[in-house]
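If you want the building blocks of each chain, they are given just below.
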Amino acid sequence: MTNLQLADGRTLEYLVAGPADGTPLVLHNGTPSAAVLFEPMVATAARHGLRVVVHSRPGYAGSSPQPGRTVAAVAVDVAAILDELGADRFLTVGWSGGGPHALACAALLPGRCLAAATVAGVAPHGVEGLDWLGGMGAENIEEFGAAVAGAGPLTAFLSAQVPGLAEVQAGQIAAALGDLVSDVDRRALTDEFADYTAATFRAAVSSGIAGWRDDDLAFVGDWGFDLGAVKTPVSVWQGAEDRMVPYAHGRWLASRLTGATVHLEPTEGHLSLMLNAFDDIVTELTGHLA
């Protein structure tokens, strides 16, 4: 783990894995999460000549909180990490709650960000043509209902979730996710992936709920950039069996991102999509390196 001191005095923690001369693949993990690597994904990226870069967003684990941050704020942090690595260009993938952050990089770091993929990523809240909560599992409906109500109700809700995640183990993940996992996603929670998921949740709440809270508030607020202005090549991946981020989110994003390459997968869920399609996602992104 590397700790980077930023110009505004914050600390940002990040991990890098893969070939030292590889183009960075900046991976934005979901919500809640922190800088934890899934080795099979690192190996896949390495086969494509890429090095994976993942950071803990502000307020998670060893990264300083940044109260009031927008989704757009991630671009400054990613640029700082890339400057530290001496990298002038990169590719990016955002999964789940990481999806908006990948789109922010595509919008706000044009030229440097050569291509982006949003995988089971949430769409903006309160937009026309999307029932944002429709089809979500009960836990997410409660969580984002609290987020819309404000920081106080959200803090109370998330604080109650911490004891269940702080020590969660692989064998408990499916039960911990409850109504959020479809049958196809339950089958995806094999030993190795369940271990990774549990480790991510434990790291996410290791310093409290600041990162989780600020992610949720950013999602239901103004993202801070215009999706319609994105000129960087973007791929949209979404599964129909997703109860965390419903299919309608992917369809909405696909209809609003001009020129996006769209993969709406009828048999995939939230977890299974990333596992089964990651090689294809990376293959498509690396096509933009030439």
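Only a predicted model underlies this, so the values are computations on that prediction, with no experimental measurement involved. (Residues numbered from 1 in each chain as written. Predicted model: local features only at pLDDT ≥ 70, side-chain atom pairs only at ≥ 80, totals over all residues. Heavy atoms only, no water.)

Enquirer: What am I meant to see in the nonpolar core here?
Expert: Across soluble globular proteins, nonpolar side chains have a tendency to be buried as a group. One finds Leu25, Val93, Trp95, Val119, Phe225, Met274 and Ile281 to be the most contacted residues of the largest nonpolar core, which totals 98 residues. Counting residues per element, this core draws most heavily on helix α11 (residues 270-286), at eight residues. (Core = buried A, V, L, I, M, F, W, Y, C linked by side-chain atoms within 4.5 Å. Buried < 20%, exposed > 50% of the residue type's maximum accessible area, 1.4 Å probe, protein only. Helix = DSSP H or I, 4+ residues; strand = E, 2+ residues; numbered from the N terminus.)

Enquirer: Explanation requested: the packing of helix α5 (residues 151-166) against helix α9 (residues 210-220) in the structure shown.
Expert: Helix packing geometry: the angle between the two helix axes and the distance between the axes. Put simply, α5 and α9 touch, their axes get as near as 10 Å, and they point 135 degrees apart. By the criterion of interaxial angle, the relationship of α5 to α9 is oblique. At the point where α5 passes α9, the crossing takes the right-handed sense. Here α5 contributes Ala151, Leu154, Thr155, Leu158, Gln161 and Leu165 to the contact with α9, which in turn contributes Trp212, Arg213, Asp216 and Leu217. (Axes fitted to C-alpha atoms, helices over the stretch in contact; angles between N-to-C directions. Parallel < 35°, antiparallel > 145°, perpendicular 65-115°, else oblique. Left-handed = near helix turned anticlockwise from the far one by under 90°. Contact = heavy atoms within 4.5 Å.)

Enquirer: Is there a simple way to explain helix α4 (residues 138-149) in this structure?
Expert: Because the α-helix completes a turn every 3.6 residues, residues three or four places apart line up on one side. The first and last C-alpha atoms of α4 sit 17 Å apart over 12 residues, in line with the 16 Å expected at 1.5 Å per residue. Buried within α4 we find Asn140, Glu143, Phe144, Ala146 and Ala147. Within α4, the buried residues cover an arc of 150 degrees as seen down the axis, which keeps them to one side. Facing away from the buried side of α4, by more than 90 degrees, are the exposed residues Glu142 and Ala149. (Expected span 1.5 Å × (residues − 1). Arc of directions from axis to C-beta.)

Enquirer: Mind showing me how you'd approach the pattern of salt bridges here?
Expert: Any two side chains of opposite charge can pair, so long as their charged atoms come close to each other. Under the definition given, this model contains seven salt bridges. Two residues, Asp279 and Arg47, come together in a salt bridge whose shortest N-O distance is 3.7 Å. Taken together, the residues span a long stretch of sequence, with Asp279 in helix α11 and Arg47 in helix α1 (residues 39-47) at a distance of 232 residues. For Asp214, the salt bridge is made with Arg213, and the minimal N-O distance between the two is 2.9 Å. Each of Asp8, Arg10 and Asp77 takes part in one network of salt bridges that share partners. (Salt bridge = Lys/Arg side-chain N within 4 Å of Asp/Glu carboxyl O.)

Enquirer: Which parts of the structure should I look at to understand the side chain of Thr200?
Expert: You can see Thr200 is positioned in helix α8 (residues 191-204). In this view, Thr200 contacts Pro32, Ser33, Ala34 and Val36; residues no more than four positions away in its chain are not counted.

Enquirer: How should the sheet that holds strand β2 (residues 11-17) be read in this particular structure?
Expert: Sheet strands associate in pairs through backbone hydrogen bonding, adopting either a parallel or an antiparallel arrangement. The eight strands lie next to each other as β1-β2-β4-β3-β5-β6-β7-β8, forming an open sheet whose pairing is mixed. Either end of the sheet is taken by a strand with one partner, and the two such strands are β1 (2-5) and β8 (261-265). Along the sheet, successive strands turn relative to each other by an average axial angle of 20 degrees, direction set aside. Where strand β3 (residues 23-28) lies against strand β5 (residues 90-95), four bridges are found, and the strand directions are parallel. Note on β5: the bridge partner recorded for Leu27 is Val93. Most of the contacts of helix α10 (residues 247-256) go to strand β7 (residues 234-239), to which it runs at about 160 degrees, and overall it touches β6 (113-119), β7 and β8. (Pairing = 2+ DSSP bridges.)

Purely spatial values, then, with no claim about function.
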